[in-house]
Amino acid sequence: MTEQSLPAVGITGVGMAFPERRLTNADLERMVDTNDQWIRERTGIRERRIAEKGVPASHFGALAAQAALADAGLEPSDIDLLVVPTVTPDMLFPSTACVIQDKLGIQGAWGFDVSAACSGFLFALQAARAQIQTGQSRRALVIGTEIMSSIVDYTDRNTCILFGDGAGAVVLERVDPALDGIIDSINYIDGSGGKHLHMKAGGSLHPASEETVRNKMHTIYQEGREVFKFAVRGMAEVAAEVVERNGFAPSDVKLLVPHQANLRIIEAAQRRLGLSDEQVVVTIDRFGNTTSASIPSALRVARDEGRLHKGDLVVLASFGAGFTWGATLLRWVRD
Ligand SMILES: CC(C)(COP(=O)(O)OP(=O)(O)OC[C@H]1O[C@@H](n2cnc3c(N)ncnc32)[C@H](O)[C@@H]1OP(=O)(O)O)[C@@H](O)C(=O)NCCC(=O)NCCS
């Protein structure tokens, strides 16, 4: 079967959930040697949400999933696939997909977690879409959820200013082919970038030990400048690639919903596509970088702000640890 002859699959519901507690730049000034102006100018972030200690990723993931189901007018029993991109699963196993399936009381479904860091949502979206296109599943929840505060070293000013907690989720199902839904998805990995951004311990390479804790190997390590160089080019190029290989011009694009890692990385993609500020969804100011939750939650923000209209051509784009990067082109199918 050619891609064209496969059934159309679209996003029919979108939800998000965030902790109440805000960690502002002023709060961080009291914790590390930083200042509000530096953080705003270098990243675009004003504040982020932080979960209470002990609240796991599945908590906000389940809430975001419920919101997405309500938005789609569906019940948990309508779902037969859960895909959960996350770098902060409740536990290494069982998967957070299993935990959320149980919390939502979904029966007869299957599902799994996806590890692709900040590109997790787009990778998971493509995996779920392929399942539905091939008739293996009927309706999927794709739930990006993160408790980034659980792996951030709040004494490291290079990383602690960047990340926030929260979740975003979408419902994916077959749609009228005339509406298109998701048109194309291009995704890449390049493991040679792993040295610049990783969390070393807690897996089979460095199981947890007194030494790994003492050496702070259970928190994020990032060479920001290196990652920035790849991210600026990677996200902008793949966003343009998915538009052009489908015969569209950048001027056809109505809205760009990028991963929210740094406002300057977002602006590079905006420039590459020649979009106005109104055509780019920015939520990093209020939520920071929420890794796999950033794109689905930004979609929900755009929807709440009335910036998504039926038939709009939308580009989702990401770059993250791995390195991983990708872009998805879709038509919004909801009123
Ligand atoms: C992390 C990031 C914001 C840092 O911004 P930057 O402009 O690259 O800044 P640099 O790392 O070059 O640091 C510049 C200076 O600011 C200092 N600095 C770093 N963090 C600081 C902070 N929170 N407050 C004040 N100064 C800080 C550095 O020590 C450095 O000082 P020096 O010049 O005396 O050595 C940026 O590199 C970035 O966003 N990287 C990509 C992140 C990303 O996309 N990750 C992948 C997806 S999760």
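Calculation rules
- Residues numbered from 1 in each chain as written.
- Predicted model: local features only at pLDDT ≥ 70, side-chain atom pairs only at ≥ 80, totals over all residues.
- Heavy atoms only, no water.
- Domains from an automatic or database assignment.
- Buried area = accessible area lost by both parts, 1.4 Å probe.
- Salt bridge = Lys/Arg side-chain N within 4 Å of Asp/Glu carboxyl O.
- Buried < 20%, exposed > 50% of the residue type's maximum accessible area, 1.4 Å probe, protein only.
- Helix = DSSP H or I, 4+ residues; strand = E, 2+ residues; numbered from the N terminus.
- Arc of directions from axis to C-beta.
- Contact = heavy atoms within 4.5 Å.
- Core = buried A, V, L, I, M, F, W, Y, C linked by side-chain atoms within 4.5 Å.
- Near = heavy atom within 4 Å.
- Polar contact = N/O pair within 3.5 Å; in protein donor to acceptor, adjacent residues only side chain to side chain.
- Nonpolar A, V, L, I, M, F, W, Y, C, P; charged D, E, K, R; others polar.

**Regarding the domain arrangement of the protein**
For the protein, the assigned domains read domain 1 (3–178) and domain 2 (182–331). Placing a centre on the C-alpha atoms of domain 1 and another on those of domain 2 gives a separation of 13 Å. Summed over both partners, the interface of domain 1 with domain 2 comes to about 3,900 Å²; 62% of that surface belongs to carbon and sulfur atoms. Where domain 1 meets domain 2, there are 3 salt bridges.

**Quick notes on helix 4 (residues 96–104)**
All of the buried residues in helix 4 are T96, A97, V99, I100 and L104. The buried residues of helix 4 occupy one face: seen down the axis, they fall within an arc of 160°. Elements in contact with the buried residues of helix 4: helix 3 (57–72), strand 4 (81–85), strand 5 (110–114) and strand 6 (139–147). Taken from the residues just after helix 4, G105 is the one with a positive phi, measuring 70°.

**Observations concerning the nonpolar core**
Membership of the largest hydrophobic core comes to 46 residues, with the highest contact counts inside it found for L256 and V315. Elements that contribute at least two residues to this core include exactly strand 8 (182–189), helix 8 (224–244), helix 9 (263–273), strand 12 (313–320) and strand 13 (324–331). Of the domains in this structure, domain 1 (3–178) and domain 2 (182–331) are the two that each give at least three residues to this core. Membership of the second largest hydrophobic core comes to 31 residues, among which are L255, V281, A302 and L316.

**A few points about the site of the ligand**
Contacts to the ligand come from 21 residues, most closely from T34, R42, R157, R225 and N262. Take R225: an N or O atom from its side chain is 2.6 Å from an oxygen atom of the ligand. N262 is positioned such that a nitrogen or oxygen atom in its side chain is 2.7 Å from an oxygen atom of the ligand. Secondary structure elements with two or more residues in the shell around the ligand: helix 2 (36–43), helix 6 (157–160), helix 8 and helix 9. Grouping the constituent residues of the shell around the ligand by class yields 9 nonpolar, 7 polar and 5 charged. A domain-level breakdown of the shell around the ligand finds at least three residues from each of domain 1 (3–178) and domain 2 (182–331).

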